[in-house]
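# A structural walkthrough
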Amino acid sequence: MKILSINIRGLKKEGKVAWARELISKTNPVITVLQETMCRKVSDRWIENILGSNSVRYAVKSSIGWSGGLVTIWDSNVFMFTQALEGKFFLAIRGSLVGYDSEIVTVNIYGPHNDEKKKRFWCSLGDLLQMTNVEGFFAEILTRFGPKPVRIFDSWLDEDVAENIIIEAWNKPVKSRQMDTIFRLKLKNVKDSLKSWSKQSFGKIDEELSKLRDESLYWENKAEARILDDQERSFECSKISEIDAGSLEKPFSEEEVWGAIKNYSATKAPGPDGFNFNFYKSFWWLIKDDLMKALHCYYKIIAKILSIRLKGVIEKVIGWEQSAYVKGWSILDSILIANELVEDVRKRKVKCCIFKADIEKAFDSVNWKFLMDT
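Quick caveat, the model's predicted, so the values are computed rather than measured.

### Details of the overall build of the protein
- Looking only at helices and strands, the protein has 16 helices and 7 strands in total.
- Evaluated residue by residue, the protein yields a buried proportion of 25% over its 374 residues.
- Contacts spanning at least 24 positions in sequence make up 51% of the contacts within the protein whose residues lie at least 6 apart.

### Some remarks on the nonpolar core
- One finds L11, L34, V42, I47, I50, V71 and I73 to be the most contacted residues of the largest nonpolar core, which totals 16 residues.
- Breaking this core down by element, the ones donating at least two residues are β1 (3-7), α1 (16-27), α2 (44-51) and β4 (70-75).
- Look past the residues within four positions of V71 in its chain and what remains in contact with it is T32, V33, L34, T37, V42, I47, Y58, A59, V60, L91 and N108.

### Observations regarding the pairing of strand β7 (residues 104-109)
- Burial along β7 is one-sided: the residues I104, T106 and N108 are buried and none of V105, V107 and I109 is.
- In textbook terms, the turn of a hairpin is the stretch between consecutive antiparallel strands, and for strand β6 (residues 90-97) and β7 this stretch comprises 6 residues, one of which, G99, has a positive phi near 90°.

### Describing the sheet that holds β4
- With mixed pairing, the 4 strands of this open sheet are ordered in space as β1-β2-β4-β3. Each having just a single partner strand, β1 and β3 (56-61) make up the two edges of the open sheet. Ignoring strand direction, the axes of neighbouring strands in this sheet form an average angle of 15°.
- Relative to strand β2 (residues 31-35), β1 runs parallel, the two sharing 5 bridges. Within β2, the position partnered with I6 by the bridge is L34.
- Those strands touched by α1 are β1 and β2, and its axis lies near 160° from that of β1.
- The strands touched by α2 are β2, β3 and β4; relative to β3, the strand with the most contacts, the crossing angle is about 125°.

### Overview of helix α15 (residues 332-348)
- Helix length check: α15 (17 residues) gives 24 Å between terminal C-alpha atoms against 24 Å at 1.5 Å per residue, within 8%.
- Positive phi shows up at K349, right after α15, with a value of about 55°.

### A closer look at the sheet that holds strand β5 (residues 79-86)
- Judged by pairing direction, the sheet is antiparallel, and its 3 strands sit side by side in the order β5-β6-β7 without closing on themselves. The open sheet has two edge strands with one neighbour each: β5 and β7. The mean angle between the axes of side-by-side strands here comes to 25°, regardless of whether they run parallel or antiparallel.
- Relative to β7, β6 is paired through 6 bridges, and the arrangement is antiparallel. Its bridge partner being in β7, L91 is matched across the sheet by N108.

### Some remarks on the side chain of K61
- You can see K61 is positioned in strand β3.
- Taking the relative accessible area as the measure of exposure, K61 reaches 13% and is therefore buried.

### A word on the packing of aromatic side chains
- Evaluation of the coordinates by the stated rule reveals 12 aromatic pairs.
- Between the aromatic rings of W74 and F79, the centroid separation amounts to 6.2 Å while the plane-to-plane angle is 70°, which identifies the pairing as edge-to-face.
- Since its relative accessible area comes to 3%, W74 is described here as buried.
- On the accessibility criterion, F79 (1% relative accessible area) is buried.
- Relative to F279, the ring of F275 lies with its centre 4.7 Å away and its plane at 45°, an arrangement referred to as tilted.
- Overall, the relative accessible area of 39% leaves F275 in the partly exposed class.
- Assessed through its relative accessible area of 28%, F279 is described here as partly exposed.
- Seen from the ring of Y264, K304 lies directly overhead, with NZ or CZ sitting 4.8 Å from the centre.

### Overview of the side chain of K186
- Within the secondary structure, K186 sits in helix α7 (residues 179-202).
- In this structure, K186 is buried with no salt-bridge partner, the nearest side chain bearing the opposite charge being E168 at 13 Å.
- Polar contacts involving the side chain of K186 include one to the main-chain carbonyl oxygen of W170, which spans 2.7 Å.
- With residues up to four places along the chain from it excluded, the contact list for K186 reads W170, K172 and V174.

### Structural notes on helix α13 (residues 284-293)
- Those residues of α13 not exposed but buried are W284, I287 and L291. Each buried residue of α13 lies within a common arc of 85° when the element is viewed along its axis, so the set occupies one face. Seen from the open side of α13, the exposed residues pointing more than 90 degrees away from its buried face are W285, L286, D290 and K293.
- On its buried face, α13 is in contact with α11 (254-263), α12 (277-282) and α14 (299-311).

### Thoughts on the pattern of salt bridges
- Summed over the entire model, instances satisfying the criterion amount to 11 salt bridges.
- One salt bridge connects K188 with D192, and the closest N-O pair in it is separated by 3.0 Å. Of this pair, K188 and D192 are both found in helix α7, 4 residues apart, which corresponds to roughly one turn of the helix.
- Given a relative accessible area of 48%, K188 falls into the partly exposed group.
- A salt bridge links K316 to D244; the shortest N-O distance between them is 2.9 Å. Placement of the pair is K316 in the loop between α14 and α15 and D244 in helix α10 (residues 242-249), with a sequence separation of 72 residues.
- Given the relative accessible area of 48%, K316 is considered partly exposed.

Procedures and definitions
- Residues numbered from 1 in each chain as written.
- Predicted model: local features only at pLDDT ≥ 70, side-chain atom pairs only at ≥ 80, totals over all residues.
- Heavy atoms only, no water.
- Helix = DSSP H or I, 4+ residues; strand = E, 2+ residues; numbered from the N terminus.
- Buried < 20%, exposed > 50% of the residue type's maximum accessible area, 1.4 Å probe, protein only.
- Contact = heavy atoms within 4.5 Å.
- Core = buried A, V, L, I, M, F, W, Y, C linked by side-chain atoms within 4.5 Å.
- Pairing = 2+ DSSP bridges.
- Axes fitted to C-alpha atoms, helices over the stretch in contact; angles between N-to-C directions.
- Expected span 1.5 Å × (residues − 1).
- Phe/Tyr/Trp six-rings, centres within 6.5 Å; stacked < 30°, edge-to-face > 60°.
- Lys NZ or Arg CZ within 6 Å of the ring centre and 35° of its normal.
- Lys, Arg positive; Asp, Glu negative; His and termini not counted.
- Salt bridge = Lys/Arg side-chain N within 4 Å of Asp/Glu carboxyl O.
- Polar contact = N/O pair within 3.5 Å; in protein donor to acceptor, adjacent residues only side chain to side chain.
- Arc of directions from axis to C-beta.

Here it is in structure tokens:
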């Protein structure tokens, strides 16, 4: 019995029905299952156009908006339908071939991709237990969500012995005449051999990672509880001069406001009143006096003025080690340096520990009371 599965990606898109009909006529399946129909409703006319016969029957699971949608189609002259079951991610039909007593259950699936949703999907598929006699198979799936997949790490391939292990595993004889099956079995042999070699060479990686996470948490908690010594308490950051500080705090001038407005795109707006900066630029001569008096209501203009002021002094308080937020410096510089460092360590095959550090809750250092009062 032939079953044809098609991810049609939009049943009502131009040319899809004709394409599906041609494919079905060539393969002549008993049952055809379609995924991603993207249809909330499917009419008899659409189904008859696909199979070109008025003896076809079908079951439908509607799409959610433009997502998903399943259709299972069969020829009633060949397949005797008895029952259908719809779940969140599947559509199942039950029946038998004409002239045969054996029962057939066909499950049309368009499942989720993340692990948590996959588990919920298999649980919903358990509804099939009420209508099939394959309880053992589904019970096994529900109680054991399958073996944890083995990942092939690039670091394994850098080991000299890995090449010999892969060659030996690939050349092991496999029992199949199908070329695609032969290829999959060879990959499985390689995966099993690398997994066994990894466990012997590096131990159980998951357990080692768990130990490292626990150790990291230990040192993090210890650092949080440690009291700063006198030298650390007396650490001083770079400061700007009183003259620079005064330039940041002085009243806003008309020239600064005009400079901020010119810096904005004409299509942007300083407020929700519908007037964009193109209006402000065009009628600056008319509105400037009144705007200066009401400037405290236009935070976008104020923010732009402050950012322009900061540009003049920020280089004096940011160290050379930081590669961003200063004109002419690029955050990509650090990425390129880190990449070159990792590549150099890898080529020389030396042991190295590299970690990325960030400051937790950096905004806690902002004086929010000052900002709110201002």
